Amino acid sequence: AQPDSGDCLIRYTIVAERYLIVTGDLDDAVYEWSRPLSFEWLSGLSLSYFAEKCQASENGRGNRTWCAKACKERILSYAEGLEADDRNRVLELIKDTGDAIEHEYSWMAWADMELREFWPDLDGICDAGRVISVCCELHLLGLHMAIQQIEAAQKAAAVGQAKAGA
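Reading guide: rules and limits
- Residues numbered from 1 in each chain as written.
- Predicted model: local features only at pLDDT ≥ 70, side-chain atom pairs only at ≥ 80, totals over all residues.
- Heavy atoms only, no water.
- Helix = DSSP H or I, 4+ residues; strand = E, 2+ residues; numbered from the N terminus.
- Rg over C-alpha atoms; globule rule 2.2 N^0.38 Å.
- Buried < 20%, exposed > 50% of the residue type's maximum accessible area, 1.4 Å probe, protein only.
- Contact = heavy atoms within 4.5 Å.
- Areas by Shrake-Rupley, 256 points an atom, 1.4 Å probe, with all protein chains shown as cover.
- Lys, Arg positive; Asp, Glu negative; His and termini not counted.
- Charge placed at Lys NZ, Arg CZ, Asp CG, Glu CD.
- Axes fitted to C-alpha atoms, helices over the stretch in contact; angles between N-to-C directions.
- Parallel < 35°, antiparallel > 145°, perpendicular 65-115°, else oblique.
- Left-handed = near helix turned anticlockwise from the far one by under 90°.
- Nonpolar A, V, L, I, M, F, W, Y, C, P; charged D, E, K, R; others polar.

For the rest of this paragraph, the subject is the overall build of the protein chain. Assigned secondary structure in the protein chain consists of 6 helices and 6 strands. Order of helices (α) and strands (β) in the protein chain, N terminus to C terminus: β-β-β-α-α-β-β-α-α-α-β-α. A compact globule built from 166 residues should have a C-alpha radius of gyration of about 15 Å, whereas the protein chain, at 22 Å, is more than 25% larger. When the backbone C-alpha atoms are referred to their principal axes, the protein chain occupies close to 80 × 30 × 30 Å. A burial count over the protein chain gives 32% of its 166 residues as buried. Across the protein chain, the fraction of contacts at a sequence separation of at least 24, relative to all contacts at a separation of at least 6, is 52%. Roughly 10100 Å² of accessible area belongs to the protein chain as shown, and the carbon and sulfur atoms make up 51% of that amount. Across the protein chain, the 16 positively charged side chains and the 28 negatively charged ones have centroids separated by 6 Å.

Next up on the list: the packing of helix 3 (residues 68–79) against helix 4 (residues 84–95). Two elements in contact, helix 3 and helix 4, have axes separated by 9 Å at closest approach and are oriented at 165 degrees. Taken together, the axes of helix 3 and helix 4 lie roughly antiparallel to each other. The two elements helix 3 and helix 4 cross, and the hand of that crossing is right-handed. Counting all contacts with helix 3, which are made through Lys72, Ile75, Leu76 and Ala79, the residues of helix 4 involved are Arg87, Val90, Leu91 and Ile94. For the contact of helix 3 with helix 4, the residue count by class is 6 nonpolar, no polar and 2 charged.

Put into structure tokens, the structure is as follows:
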């Protein structure tokens, strides 16, 4: 996206000092904090903290989407903590998920049937493929870019004023 163009337009609005409303071409979202906000402060946040503050988006609270690759990687990582026989059985099961791993709800049903004996509460297993959405990443990246543009404009204005005064 270029400054002053309509490409990948994102609008940021701070409401009641604690809500950030993001609208535009890259999905809409509402983020909430318990402290007064500034764009400078927001642009310094980590992605995980920023996403955790998402109260509403097209991807739901937390602004996360499903990623089959992340799911498989996390399950393989979880399996490392199992006894050798159980780990080997999980590795075999994971090879045979078919299309179930490609979609969140089919994964949840598959995991409930196939993995419950290894992880009875399934905490972390059913949502193993949920990752921060690209749109959320772009919302934060857009804040970084906007702050950089503002700072560059302020520096240019200061230089211009200094030259005019000289």
